[in-house]
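Residue-level listing of the chains:
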Amino acid sequence: MSSATKTLALLSHFSADRPEIGLSQLCRIAGRDKATTYRHLQALELSGFVEQNPTTKHYRLGPAILQLAQVREATVPRKLGAQLPLSQLADVTGETAHVSVVSGTTLYALASCESPRHGTRAIIDITTFPLHATASGLCALAFGPDAMLDAALSQMDRFTPHTATTAAALHDLITDARATGFGCSDRSFEAEIHSLSAPLYDQTGLFAGAVSVASVATRVSPEQEQLIKTELIRASREITRNWGGQLPVNVTSAWASGSNRHYETDSTS
């Protein structure tokens, strides 16, 4: 990687769960030496991308990130285009709905909406989705750029006993996602969570992200799964349209060949 790439990559280690990071901790997380990490942090601080907490001396994201985020949403309104379909998806299914967006070979959380119907529900508290262990990630591997598979195979951590940790197991999950049009994660990232996901596209005609429903696994009956799939199709169509995209034939054909035919035949791309 170039020096600029290594410098900017440090920003990916900050999250809502880890808003501040000390120099030594960041060295361990990033796997870099202290002198290089400090030099990169100085460059980021000079540009306003990070700042130091004056009390703890730990680093946190700086105000330049907020400015860029506002410009990004104003010019490429991903979150705005997903909000209403996401709210409707959570309302109809009674489960947590969320949208992720792809950048390079990383799948980032964009927005989530929890249904108040159940006291126990899935909470989306991660900023990036493991490609091999989540429904969103499997959607990205099935319908996204080929480079994502290499990224997934390079980091196949085991999260639960159900996590795919071999290339063969992952290939089977990707094949199933392509055949059905849905990514499916059954307790493979969190032991009690079952997730289904459908792909999203933008004006480029390329895979842009995924819309998903994360449920408490014990609540997912065959009837509930069918409802979620039907509503995911609806949400995928609406968000893709809001993002200026169009669903490709391979996705709509996969949906039409399954049990969603009754819905699919009455819909247009």
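Since the structure is predicted, the reported quantities are computational estimates derived from the model, not experimental observations.

Details of the overall build of the chain
Part 1 of the reasoning: Secondary structure summary: the chain contains 11 helices and eight strands in total.
Part 2 of the reasoning: Over its C-alpha atoms the chain spans a radius of gyration of 19 Å, differing by no more than 12% from the 18 Å that the globule rule assigns to 269 residues.
Part 3 of the reasoning: Taking all contacts inside the chain whose residues are at least 6 apart in sequence as the whole, residues at least 24 apart take part in 57%.
Part 4 of the reasoning: Of the roughly 13300 Å² of accessible surface on the chain, a fraction of 54% belongs to carbon and sulfur atoms.
Part 5 of the reasoning: Across the chain, the centroid of the 22 positively charged side chains sits 6 Å from that of the 25 negatively charged ones.

Examining the pattern of salt bridges
Part 1 of the reasoning: Summed over all chains, the structure comprises eight salt bridges.
Part 2 of the reasoning: Between R60 and E20 there is a salt bridge; the shortest N-O distance is 3.5 Å. In this pair, R60 sits in strand β3 (residues 59–61) while E20 sits in strand β1 (residues 20–21), placing the two residues 40 residues apart along the sequence.
Part 3 of the reasoning: The class for R60 is partly exposed, based on a relative accessible area of 25%.
Part 4 of the reasoning: One salt bridge in this structure joins R78 and D202, with 2.7 Å as the shortest N-O distance. Highlighted residues: R78 in helix α5 (residues 78–93) and D202 in the loop between β7 (193–201) and β8 (207–216), separated in sequence by 124 residues. Just as R78 is buried, D202 falls in that class too.

Section: empty space enclosed by the protein
Part 1 of the reasoning: Taken as a whole, this structure holds one cavity of 30 Å³ or more when the rule is applied.
Part 2 of the reasoning: Considering only enclosed or pocket space, the largest cavity measures out at about 180 Å³ in volume.
Part 3 of the reasoning: What lines the largest cavity is a set of 16 residues, among which I124, T134, F189, E190 and S195 lie closest to the centre.
Part 4 of the reasoning: Elements with a minimum of two residues in the lining of the largest cavity: α6 (135–143) and β7.

Quick notes on the packing of helix α2 (residues 23–30) against helix α3 (residues 34–46)
Part 1 of the reasoning: Running from amino to carboxyl end, α2 crosses α3 at an angle of 110°, the nearest separation of the two axes being 10 Å. The angle between α2 and α3 falls in the class roughly perpendicular. Residues L23, S24, L26 and C27 of α2 form the contact with α3, whose own contacting residues are K34, T37, Y38 and L41.
Part 2 of the reasoning: Grouping the constituent residues of the contact of α2 with α3 by class yields five nonpolar, two polar and one charged.

Conventions we followed
Residues numbered from 1 in each chain as written. Predicted model: local features only at pLDDT ≥ 70, side-chain atom pairs only at ≥ 80, totals over all residues. Heavy atoms only, no water. Helix = DSSP H or I, 4+ residues; strand = E, 2+ residues; numbered from the N terminus. Rg over C-alpha atoms; globule rule 2.2 N^0.38 Å. Contact = heavy atoms within 4.5 Å. Areas by Shrake-Rupley, 256 points an atom, 1.4 Å probe, with all protein chains shown as cover. Lys, Arg positive; Asp, Glu negative; His and termini not counted. Charge placed at Lys NZ, Arg CZ, Asp CG, Glu CD. Salt bridge = Lys/Arg side-chain N within 4 Å of Asp/Glu carboxyl O. Buried < 20%, exposed > 50% of the residue type's maximum accessible area, 1.4 Å probe, protein only. 1 Å grid on protein atoms, 1.4 Å probe; cavity = no way out; pocket = protein on both sides within 12 Å on 5 of 7 lines; lining within 4 Å. Points joined across faces, edges and corners; volume = space filled by probe spheres on them. Axes fitted to C-alpha atoms, helices over the stretch in contact; angles between N-to-C directions. Parallel < 35°, antiparallel > 145°, perpendicular 65-115°, else oblique. Nonpolar A, V, L, I, M, F, W, Y, C, P; charged D, E, K, R; others polar.

Just geometry here; none of it tells us what the structure is for.
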